[in-house]
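Residue strings, one per chain:
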Amino acid sequence: MYAVLFDIDGTLLHTGGAGQLAFADAFESEFGVGQLSGEVAFAGRSDRAIAYELMGVHDVPATETNWQRFRHAYLRRLPDALKLRRGRVLPGVLELLDALDLLEHPVVGLLTGNLEQGAACKLAHYGLGHRFGFGGFGDSSHDRCDIAAAALREAERFAAGRAAPGNGRAIAGAMVIGDTVHDIACARSIQAYAVAVPTGNTPADQLAAANPDLLLDDLTDPRPVLERVRAAMQATGNGPLP
Ligand SMILES: [Mg+2]
């Protein structure tokens, strides 16, 4: 089987800054931080890495206890933040997911720096909650490459659960679709095909400089992605069953 792994923020959807709002509210309620430093980058990073860096910048002891305090406050605040901010599913996403569903063998999952519950909350808010069978998340790791490895392991588990008797097909390849250079780098770390879209905050020329395998304007035209998925499945003997 072939795994297609989607980043969330800037790739599937924009939350209109709801994630950052929930971060800011959590830092205020838990640690009395009135305004978050603008020096800390959010895009393409794990929630854990962002939170730990923010703790450092704001002189909050970067301890597991404080991480858990932050985590609970952030997840409690996120649903309201999503309602307050006007976000959207990005162009072509629904059509691409529909088209992938029609192919026989790819398994479609997440590769995101979001906390698993945060990812579920965002996706449910935008009606995408049922679209992804598994994922790698930012709960326990600072490093997106570790999350990529975890996503691949989860893809293996999911594929094994779906394989029909006598058709135990392991994951023979993967594609990562994301909007930052970090998505491209973590795709490389698991030998996955890297698809980049400048629909987040990273301009196309910066993505191009990181040498993705495929750079699209957005996901409006699903054909280049579908062609690659079909070709990869054929090449690995995971084409449609006769
Ligand atoms: Mg992203």
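The structure this text deals with has already been given above.
Here's a quick rundown of the structure. Keep in mind the model is a prediction, meaning the values are calculated, not measured.

1. A word on the pattern of salt bridges
For the structure on display, the rule yields 16 salt bridges. Arginine 77 is paired through a salt bridge with aspartate 80; the nearest N and O atoms lie 3.8 Å apart. Of the two residues, arginine 77 and aspartate 80 are both situated in helix 3 (residues 64–84); the distance of three residues between them amounts to about one turn of the helix. Of the residues examined, aspartate 80 reaches a relative accessible area of 39% and is grouped as partly exposed.

2. Here's the deal with the coordination of the magnesium ion
Here the magnesium ion is held by Asp7 (OD), Asp9 (O) and Asp179 (OD), and the distances to it run 2.1 to 2.2 Å. Along the chain, the residues donating to the magnesium ion are arranged with the sequence spacing D-x1-D-x169-D. Taken together, the residues span a long stretch of sequence, with aspartate 7 in the loop between strand 1 (2–6) and strand 2 (13–14) and aspartate 179 in the loop between strand 6 (173–178) and helix 7 (181–189) at a distance of 172 residues. With relative accessibility at 5%, the residue aspartate 7 sits in the buried group. What makes aspartate 179 buried here is its relative accessible area of 4%.

3. Here we look at the state of the cysteines
Summed over all chains, the structure comprises zero disulfides. Counting only cysteine sulfurs, cysteine 186 is the nearest neighbor of cysteine 145, a cysteine outside any disulfide, at a range of 5.9 Å.

4. Digging into the packing of aromatic side chains
By the definition in use, this model includes 10 aromatic pairs. With a centroid separation of 6.0 Å and 70° between ring planes, the pair formed by phenylalanine 6 and phenylalanine 132 is classed as edge-to-face. Taken together, the positions of phenylalanine 6 in strand 1 and phenylalanine 132 in the loop between helix 5 (116–125) and strand 5 (135–136) put the pair 126 residues apart, joining distant regions of the chain. Each member of the pair phenylalanine 6 and phenylalanine 132 is classed as buried. Taken together, a centroid distance of 5.3 Å and an interplanar angle of 35° make the contact between phenylalanine 134 and phenylalanine 158 tilted. Here phenylalanine 134 is found in the loop between helix 5 and strand 5, whereas its partner phenylalanine 158 is found in helix 6 (residues 144–162), with 24 residues between them in sequence. What makes phenylalanine 158 partly exposed here is its relative accessible area of 25%. Following the ring pairs from residue to residue traces out a cluster consisting of Phe23, Phe27, Phe31, Phe42, Tyr52, Trp67, Phe70 and Tyr74.

About the criteria used
Residues numbered from 1 in each chain as written. Predicted model: local features only at pLDDT ≥ 70, side-chain atom pairs only at ≥ 80, totals over all residues. Heavy atoms only, no water. Salt bridge = Lys/Arg side-chain N within 4 Å of Asp/Glu carboxyl O. Helix = DSSP H or I, 4+ residues; strand = E, 2+ residues; numbered from the N terminus. Buried < 20%, exposed > 50% of the residue type's maximum accessible area, 1.4 Å probe, protein only. Donors = N, O, S within 2.8 Å, 3.2 Å for Na, K, Ca; no water. Disulfide = S-S within 2.5 Å. Phe/Tyr/Trp six-rings, centres within 6.5 Å; stacked < 30°, edge-to-face > 60°.

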